Amino acid sequence: MSTVLEASQLPLPKHISSLLYDPLSTSLALRHSDSSFSLYSPFSPLSLSSFPPPTSNVPSPTSSAAFLHLRTSRTPTTTLFITSSPLSSATSLRFYILRDGRFLKIKAISNHRDLASDLNNSAVIFKVNHGVSMKLSAGINVFSLYSVSNSKIWVFAVSLIGDEDNGHALKLVKCAVIDCCLPVFTIRVLFGFLILGEENGVRVFPLQQLVKGNQRKEKKNIGRKYNLKNGGDVSKANSGVKTGDSDVLPSKGEKNEKHSDSVKLRSLKLKQVSRDIGSFFVAFEDKDIGNSISIKRTGRTVKAISIQALSSNYFAVLDTVGDVHHLCLSYSLEGLDRPCFMKRLTQTMKVLKLAVFHDISTVSQIIWMSDGCYSVHLMMVSDMNTSLDKTEKKDAIGKLSQTSVTRAIFPGEKIQDIVPLAANAILILGQGSVFAYAIS
């Protein structure tokens, strides 16, 4: 049975439809019924008895939001909050930077023709029709934007420009555009992957290849030759933009010279089903056969609706039937035609909500699950030892489904959403309260 070490119930100030939590900065975003956001940073619910006034507010309307982290090898991590909003025949992207416990507006600039800076509102106008829905997903230095109406996914790289310690603006680079020919039900930027939830499985894109974009050499009258390290941004080399931990540097021994070659970065354009950059589809395991099989063979339309990272190579995937799957992308196995596999986890409940706090330092990973009613369950999943040889790994595949539910929480209100605070702590959005639990 579970042992509750700490518990807290915070009455909601007004109706909340969903919430986002960023464990790295301990920031909470509450989405109100009018689509505005209240931001709290830092937020420690176990030490509170009621909600304090928000440290920042994001006005409505918003259609999607995400926390983004900017990180380089020389500077500490910077946290951003991004929102998308509908405009007449366009989409507005707003950026807020965490400074001294408050999220403040920060302007963003871009040299792409379909991205215009709105300095009055500290926003970027993306000249793409918003349509019925936009979905944001963000990771480290990179975020994606999916348009349901346009059937496209855009991948952007973001970096601070100006002073290294207190960057006064953001540099926005459009790295890739994916044309979607199949429905996408969820999209996540997780570690080194862009993962799409589709019918009967997920599609995986290597993120580094998307961020690199299209590179080609051109002759210029005046310019410098630049090295591209790990997909660094070179669209405007003299702006000092960095993507990820990569830098845009002059080639060794090169200075300003006339008629030199330069590398120009263009947005990579590809189809959803293209395998040009090493993307692939991973099907759900069939319950009867026990193998990962394609949609054509089953004729089913089970959809992947939630994807969470367990570690840098292992992921949990929730489908519309209520099953949870363990996705491994760490290596190729002899006898399989994909560099991955997916196993259905053994659980008796039909899961509606899924939350994971990924911790690469532990062997056993924790998955929080809820049926969307009045209970939350904690499942332990053992990670596979990647030091095993191929034969041992094959034998271990069948053991991945051996999981156990070790804890259960009953908050007393119908559950709207769940987000992890830590490996042993969970935040639950009820009908009129937010509950925080830490267990052992």
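Up top is the structure.
The sections below set out a description of the structure shown in this document. Computed from a prediction, not measured in an experiment: that's the story for all the values here.

**Considerations on the overall build of the protein**
Part 1 of the argument: Broken down by element type, the protein carries 3 helices and 38 strands.
Part 2 of the argument: Out of the 440 residues in the protein, the part that is buried amounts to 53%.
Part 3 of the argument: When contacts within the protein are restricted to residue pairs at least 6 apart in sequence, those whose partners lie at least 24 apart make up 56%.
Part 4 of the argument: With an accessible surface of roughly 19700 Å², the protein has 49% of that area assigned to carbon and sulfur atoms.

**A look at the sheet that holds strand β31 (residues 341–344)**
Part 1 of the argument: Strand order in this open sheet of 4 strands is β28-β29-β30-β31, and the pairing throughout is antiparallel. Bordering the open sheet on either side are β28 (304–309) and β31, each of which pairs with just one other strand. Strand-to-strand twist across the sheet, computed as the mean angle between neighbouring axes with direction ignored, equals 25°.
Part 2 of the argument: Of the strand pairs in this sheet, strand β29 (residues 314–319) and strand β30 (residues 324–328) are connected by 5 bridges, and their pairing is antiparallel. Note that in β30 the partner of tyrosine 314 across the bridge is cysteine 328.

**Digging into the pairing of strand β26 (residues 268–271)**
Part 1 of the argument: Of the two faces of β26, only the one carrying Leu268 and Leu270 is buried; Lys269 and Lys271 on the other face are not.
Part 2 of the argument: One ladder, built from 4 bridges, connects strand β16 (residues 169–179) with β26; its direction is parallel. Bridging across to β26, alanine 176 finds its partner in leucine 268.

**Concerning the packing of aromatic side chains**
Part 1 of the argument: Considering all chains together, one arrives at 13 aromatic pairs under this definition.
Part 2 of the argument: Judged by centre distance (5.4 Å) and plane angle (50°), the ring pair of tyrosine 40 and phenylalanine 51 falls under tilted. Within this pair, whereas tyrosine 40 is found in strand β4 (residues 37–40), its partner phenylalanine 51 is found in the loop between β4 and β5 (56–58), the two being separated by 11 residues in sequence.
Part 3 of the argument: On the basis of relative accessible area, tyrosine 40 is assigned to the buried category, the value being 4%.
Part 4 of the argument: Classification of phenylalanine 51 by relative accessible area gives buried; the value is 13%.

**Overview of the pattern of salt bridges**
Part 1 of the argument: Evaluated as defined, the whole model comprises 5 salt bridges.
Part 2 of the argument: The residue aspartate 179 makes a salt bridge to lysine 152 at a minimum N-O spacing of 2.2 Å. Linking aspartate 179 in strand β16 with lysine 152 in strand β15 (residues 152–161), this pair joins segments that are 27 residues apart in sequence.
Part 3 of the argument: Here aspartate 179 falls in the partly exposed class, since its relative accessible area comes to 23%.
Part 4 of the argument: Among the residues examined, lysine 152 registers a relative accessible area of 27% and is labelled partly exposed.
Part 5 of the argument: Taking the shortest distance from any N to any O, the salt bridge between arginine 344 and aspartate 323 comes out at 3.3 Å. Here aspartate 323 lies in the loop between β29 and β30 and arginine 344 lies in strand β31, a separation of 21 residues in the sequence.
Part 6 of the argument: Looking at arginine 344, the relative accessible area reads 12%, which means it is buried.
Part 7 of the argument: Since its relative accessible area comes to 6%, aspartate 323 is described here as buried.

**Here's the deal with the sheet that holds strand β27 (residues 280–283)**
Part 1 of the argument: Read from one edge of the open sheet, 4 strands run β17-β18-β19-β27, paired in antiparallel fashion. In this open sheet, the two strands that pair with only one neighbour each are β17 (186–190) and β27. Across the sheet, the axes of successive neighbouring strands diverge by a mean angle of 20°, strand direction being ignored.
Part 2 of the argument: Two elements, β17 and strand β18 (residues 193–198), share 5 bridges in a ladder whose sense is antiparallel. Bridge pairing in β18 places arginine 188 opposite isoleucine 195.

**Let's talk about the nonpolar core**
Part 1 of the argument: Among the nonpolar cores identified, the biggest contains 26 residues, and Phe95, Phe143 and Leu170 are the most heavily contacted of them.
Part 2 of the argument: Mapped by element, the contributors of at least two residues to this core are β6 (64–70), β7 (78–87), β8 (90–99), β12 (123–126), β13 (134–138), β14 (142–147), β15 and β16.
Part 3 of the argument: If you tally residues by element for this core, the top one is β15, at 4 residues.

**Describing unusual backbone geometry**
With glycine set apart, most residues show a phi of negative sign, and most peptide bonds adopt trans.
Part 1 of the argument: The amide bond that connects serine 41 to the next residue, proline 42, takes the cis arrangement and shows omega of -5°.
Part 2 of the argument: Inspection of the secondary structure puts proline 42 in the loop between β4 and β5.
Part 3 of the argument: Look at the link from serine 60 to proline 61: it is a cis peptide, with omega at 0°.
Part 4 of the argument: Residue position: proline 61 is located in the loop between β5 and β6.
Part 5 of the argument: We note that serine 89 has phi near 60°; this positive angle belongs to a residue other than glycine.
Part 6 of the argument: By the element assignment, serine 89 lies in the loop between β7 and β8.
Part 7 of the argument: Despite not being glycine, phenylalanine 191 shows a phi value in the positive range, around 50°.
Part 8 of the argument: Within the element layout of this structure, phenylalanine 191 appears in the loop between β17 and β18.

Rules and cut-offs
Residues numbered from 1 in each chain as written. Predicted model: local features only at pLDDT ≥ 70, side-chain atom pairs only at ≥ 80, totals over all residues. Heavy atoms only, no water. Helix = DSSP H or I, 4+ residues; strand = E, 2+ residues; numbered from the N terminus. Buried < 20%, exposed > 50% of the residue type's maximum accessible area, 1.4 Å probe, protein only. Contact = heavy atoms within 4.5 Å. Areas by Shrake-Rupley, 256 points an atom, 1.4 Å probe, with all protein chains shown as cover. Pairing = 2+ DSSP bridges. Axes fitted to C-alpha atoms, helices over the stretch in contact; angles between N-to-C directions. Phe/Tyr/Trp six-rings, centres within 6.5 Å; stacked < 30°, edge-to-face > 60°. Salt bridge = Lys/Arg side-chain N within 4 Å of Asp/Glu carboxyl O. Core = buried A, V, L, I, M, F, W, Y, C linked by side-chain atoms within 4.5 Å.

Remember that the coordinates give geometry; whether it matters functionally is a separate question.
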